[in-house]
Number of protein chains: 2
Amino acid sequence: MIEKIRIAIAGYGNLGRGTEAAIAQNPDMELTGVYTRRDPASVQTLNGSVAVRHLDDIDQYKNEIDVLVLCGGSKNDLPEQGPALAARFNTVDSYDTHARIPQYFDAVDAAARSGGNVALISVGWDPGLFSLNRLFGETVLPKGDTYTFWGKGLSQGHSDAVRRVPGVKAAVQYTVPSIDAIEQVRSGLRPTLTTRQKHTRECFVVLAEGADAEQVREAIVTMPDYFADYDTTVNFISEETLRREHSAMPHGGFVIRSGESGDGDKQVIEYSLTLESNPAFTSSVLVAYARAVYRLSRAGETGARTVFDIAPGLLSPRSPAELRRDLL
Amino acid sequence: MIEKIRIAIAGYGNLGRGTEAAIAQNPDMELTGVYTRRDPASVQTLNGSVAVRHLDDIDQYKNEIDVLVLCGGSKNDLPEQGPALAARFNTVDSYDTHARIPQYFDAVDAAARSGGNVALISVGWDPGLFSLNRLFGETVLPKGDTYTFWGKGLSQGHSDAVRRVPGVKAAVQYTVPSIDAIEQVRSGLRPTLTTRQKHTRECFVVLAEGADAEQVREAIVTMPDYFADYDTTVNFISEETLRREHSAMPHGGFVIRSGESGDGDKQVIEYSLTLESNPAFTSSVLVAYARAVYRLSRAGETGARTVFDIAPGLLSPRSPAELRRDLL
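Bear in mind the structure is a predicted one, so any value in this text is a computation, not a measurement. (Residues numbered from 1 in each chain as written. Chains lettered and ligands numbered in written order. Predicted model: local features only at pLDDT ≥ 70, side-chain atom pairs only at ≥ 80, totals over all residues. Heavy atoms only, no water.)

> Residue-level account of the overall build of chain A, with values.
Looking only at helices and strands, chain A has eleven helices and 14 strands in total. Projected onto its principal axes, the C-alpha positions of chain A cover 60 × 60 × 35 Å. Evaluated residue by residue, chain A yields a buried proportion of 56% over its 328 residues. Across chain A, the fraction of contacts at a sequence separation of at least 24, relative to all contacts at a separation of at least 6, is 68%. Within chain A, one finds 34 positive and 42 negative side-chain charges whose respective centroids are separated by 3 Å. (Helix = DSSP H or I, 4+ residues; strand = E, 2+ residues; numbered from the N terminus. Buried < 20%, exposed > 50% of the residue type's maximum accessible area, 1.4 Å probe, protein only. Contact = heavy atoms within 4.5 Å. Lys, Arg positive; Asp, Glu negative; His and termini not counted. Charge placed at Lys NZ, Arg CZ, Asp CG, Glu CD.)

Have a look at this one:
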């Protein structure tokens, strides 16, 4: 029997649950433990039989972890956990604070090297699969423009921003790409698009007792950074409707490279995702890349990596010869 | 000044011309020679100043070739040229006879190892970018189905088959994907599609003097392997119309992975190409991958490779730190 890749999960929210479910879809992997900062007894996993332990105790289980999937958030968890855990384990994470990726990479790289581990950062779909498509687009068609559109999808950050507005009891926000803008890009026109032309924003808000709807709407649509540069629609709904119609986490988007090859021919490359569950899909990407981390570590590599550094064949449980025969 | 990557071209048809044009779009590369089996004096390149030499003399110019782009055909040229040239040069080619890729890989691999070279085979869009998307699809969503649709595009092989029918003076054939089938796949239904349901075929035929149209049509639509399993339309046109409306070489297609993540959520990944010129785009992909070949060779690697083995970052002239900052 071939030995399975032993995966552990650090952090058990939506991403941790998705990771547990994704591991179960990959017969060459097994989940050896879930590590949490909560009371382990309070954590209910999908498969009740998996060991749940406190994150503080993880070093005791080093011998049963080939790759640790970091399922914490980019804002508060990963800046600290990423380097700390990469010093002790091979890791893969979905760090997505774009502006701080260079610093995060350096911190994780130093830690991973010191511990002799491989740490793959910023894996998922954006950053991740979308990043790869931005790269392929500009390398294959150096003369051209790259467009990224997001949605239609629930934005966690924007939903949180709406919830912080006084008078809002609960809310969700969807980012909606402009079909018209996408069609222009697909046509090969290479338009210059403003922020407002690329996406609209739709909010579904449950008002707090006694709150003034118009005041809340105004506070949302004028909010700098988050909404002021967009056409934003605010819909007021009941708590019951919010729960019934807006509890899923769909997302997706498009990366389009529109360019011309050396002879002036127009060439358009389009990549798109339509996701019923954003965290479940991100988890699926993390788990496929965990396989690559395992292999790089076995090959003696150390240090931080991104999806740009990973040969795609390393993601597959199949042999290079099989991949050439069946997929090339 | 940074030294440029010195590229040479073996074979100067549509692909060779496209490769010359693509190299001109990449400032870190220079074209040092075009090698042909024809009389070099008869070959007119896009940039008249590039050296055109006979392929038999190529070994004399070994010192000015970092990577040789093989622009011959898969049927008659590459089975012999691929291994022969990989023994003497770093190479990249677009070998696309799917069924024979394993044997071709082995032959090129042995030759490249013996010569201490890197040889990257089957690069382009299919095989190539489409292959990568089939791989990403099944590794990220192991539970699911992958669908490849081609077109709308000119098929060289099918056009040749039509031209061989008695009574046909000239012809082109377009492969047309079924929009209805694509929509079913996009919806997440995961339909089982027959050959006939996925694509239709459209022929534009110039009849030879005195040929019987109905007889020609019947011979085309019943041709085994090529047309019998498809719904095929045959349009008879004048030579003038053929030249005016059907001399471009558009192509493209779709790779769609429809699957579900571990918790049962439907997730759809779609990759599509809309190409005004099939050979020009293939050349653009070859040239981007030539950069990766150069780097692997400089790093001391030898042997045959496919796109599955190439870390995407190697395609870019930009540094890993820049890629992380700007594209991740």
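Okay, back to it.
> So what's going on with the packing of helix H2 (residues 78-86) of chain B against helix H3 (residues 101-115) of chain B? Which residues, and what values?
Residues and elements named next belong to chain B. Between H2 and H3, whose axes approach to 7 Å, the crossing angle comes to 25 degrees. Looking at the two axes, H2 sits roughly parallel to H3. Judged by residue contacts, Leu78, Pro79, Gly82, Pro83 and Ala86 of H2 engage Tyr104, Ala107, Val108, Ala111 and Ala112 from H3. (Axes fitted to C-alpha atoms, helices over the stretch in contact; angles between N-to-C directions. Parallel < 35°, antiparallel > 145°, perpendicular 65-115°, else oblique.)

> Which residues make up the sheet that holds strand S5 (residues 91-93) of chain B, and what are the values?
Strands belonging to one sheet form pairs held by backbone hydrogen bonds; the direction of such a pair is parallel or antiparallel. Residue and element names in this part refer to chain B. Read across the sheet, seven strands follow the order S3-S2-S1-S4-S5-S6-S14 without closing on themselves; strand pairing throughout is parallel. On the outer flanks of this sheet lie strand S3 (52-54) and strand S14 (303-305), each paired with one strand and no other. Averaged over all adjacent pairs, the angle separating strand axes in this sheet is 25 degrees, with direction ignored. Pairing of S5 with strand S6 (residues 118-120), which is carried by two bridges, proceeds in the parallel orientation. Bridging across to S6, threonine 91 finds its partner in alanine 119. Strands strand S1 (5-10), strand S2 (29-36) and strand S4 (67-70) of the sheet are contacted by helix H1 (residues 14-23), whose axis makes an angle of about 165 degrees with S1. Contacts between H2 and the sheet are confined to S1, S4, S5 and S6, with S4 contributing the most and set at about 175 degrees to the helix. (Pairing = 2+ DSSP bridges.)

> Just give me the short version of the pairing of strand S9 (residues 168-177) of chain B, but keep the residues and values in it.
Residue and element names in this part refer to chain B. In terms of burial, S9 is largely enclosed, as nine of its ten residues are buried. Bridging between strand S8 (residues 153-154) and S9 involves two bridges; their strand directions are antiparallel. Paired with leucine 154 across the two strands is tyrosine 174, which belongs to S9. Relative to strand S10 (residues 199-207), S9 is paired through nine bridges, and the arrangement is antiparallel.

> Before we move on, could you go through the interface of chain A and chain B and cite the residues and values that matter?
Facing 63 residues of chain A, the contacting portion of chain B comprises 63 residues. Carbon and sulfur atoms supply 64% of the area that chain A and chain B bury against each other, a total of about 5500 Å² over both sides. In this assembly, chain A and chain B are joined by two salt bridges. Along the contact surface separating chain A from chain B lie 24 residue pairs in polar contact (both at pLDDT 80 or more). Of all the secondary-structure elements, those providing two or more residues to the side of chain A that touches chain B are helix H1 (14-23), helix H3 (101-115), helix H4 (129-140), strand S13 (266-275), helix H10 (278-298) and helix H11 (320-326) of chain A. (Buried area = accessible area lost by both parts, 1.4 Å probe. Salt bridge = Lys/Arg side-chain N within 4 Å of Asp/Glu carboxyl O. Polar contact = N/O pair within 3.5 Å; in protein donor to acceptor, adjacent residues only side chain to side chain.)

> Account for the relation of the copies chain A and chain B, naming residues and giving values.
Screw-axis analysis of chain A against chain B gives a translation of 0.0 Å along the axis, an RMSD of 0.1 Å, and a rotation angle of 180 degrees. In symmetry terms, the pair is related by a two-fold rotation axis. Here 100% of the contact residues of chain A are again contact residues in chain B; the copies associate through an equivalent surface. (Least-squares fit on C-alpha atoms with pLDDT ≥ 70 in both.)

> Tell me about the sheet that holds strand S14 (residues 303-305) of chain A, and please be specific about residues and values.
Residue and element names in this part refer to chain A. Reading across from one edge, S3-S2-S1-S4-S5-S6-S14 is the order of the seven strands in this open sheet, with parallel pairing throughout. A strand with exactly one partner marks an edge of an open sheet, and here the two such strands are strand S3 (52-54) and S14. Across the sheet, the mean angle separating the axes of adjacent strands is 25 degrees when strand polarity is ignored. Two elements, strand S1 (residues 5-10) and strand S2 (residues 29-36), share six bridges in a ladder whose sense is parallel. Across the sheet, residue isoleucine 9 finds its bridge partner in S2, namely valine 34. The strands touched by helix H2 (residues 78-86) within the sheet are S1, strand S4 (67-70), strand S5 (91-93) and strand S6 (118-120), with S4 carrying the most contacts at an inclination of about 175 degrees.

> Could you give an account of the packing of aromatic side chains, with specific residues and numbers?
All told, the structure shown has eleven aromatic pairs over all chains when counted by the stated rule. Judged by centre distance (5.2 Å) and plane angle (80 degrees), the rings of Trp125(A) and Phe130(A) are edge-to-face. When sorted by exposure, Trp125(A) lands in the same class as Phe130(A), which is buried. Relative to Tyr271(B), the ring of Tyr271(A) lies with its centre 6.4 Å away and its plane at 65 degrees, an arrangement referred to as edge-to-face. Of this pair, Tyr271(A) sits in strand S13 while Tyr271(B) sits in strand S13 (residues 266-275), each in a different chain. Each member of the pair Tyr271(A) and Tyr271(B) is classed as buried. Three or more aromatic residues link up through ring pairs in this structure, and these residues are Trp125(A), Phe130(A), Tyr271(A), Trp125(B), Phe130(B) and Tyr271(B). (Phe/Tyr/Trp six-rings, centres within 6.5 Å; stacked < 30°, edge-to-face > 60°.)

> With reference to specific residues and values, describe the pattern of salt bridges.
Pairing is possible between side chains of opposite charge, provided their charged atoms come close. In total, this model carries 49 salt bridges over all chains according to the counting rule given. Put simply, Arg190(A) and Asp145(A) hold a salt bridge, and the shortest N to O gap is 3.0 Å. Linking Arg190(A) in the loop between helix H6 (179-186) and helix H7 (195-198) with Asp145(A) in strand S7 (residues 144-150), this pair joins segments that are 45 residues apart in sequence. The partly exposed category is assigned to Asp145(A), whose relative accessible area is 31%. Among the salt bridges present, the one from Asp126(B) reaches Arg134(B), with a minimum N-O distance of 2.8 Å. You can call Asp126(B) buried: its relative accessible area is 16%.

> Hey, could you go over empty space enclosed by the protein for me, with residue numbers and the actual values?
Empty space left among the atoms is revealed by rolling a probe the size of a water molecule over them. Per the stated rule, a full pass over the model turns up four cavities of 30 Å³ or more. Considered as a void within the structure, the largest cavity measures approximately 100 Å³ in volume. For the largest cavity, the full set of lining residues is Leu129(A), Leu132(A), Asn133(A), Phe136(A), Tyr271(A), Leu129(B), Leu132(B), Asn133(B), Phe136(B) and Tyr271(B). Of all the secondary-structure elements, those providing two or more residues to the lining of the largest cavity are H4 of chain A together with helix H4 (129-140) of chain B. Grouping the amino acids of the lining of the largest cavity by side-chain chemistry returns eight nonpolar, two polar and no charged. (1 Å grid on protein atoms, 1.4 Å probe; cavity = no way out; pocket = protein on both sides within 12 Å on 5 of 7 lines; lining within 4 Å. Points joined across faces, edges and corners; volume = space filled by probe spheres on them. Nonpolar A, V, L, I, M, F, W, Y, C, P; charged D, E, K, R; others polar.)

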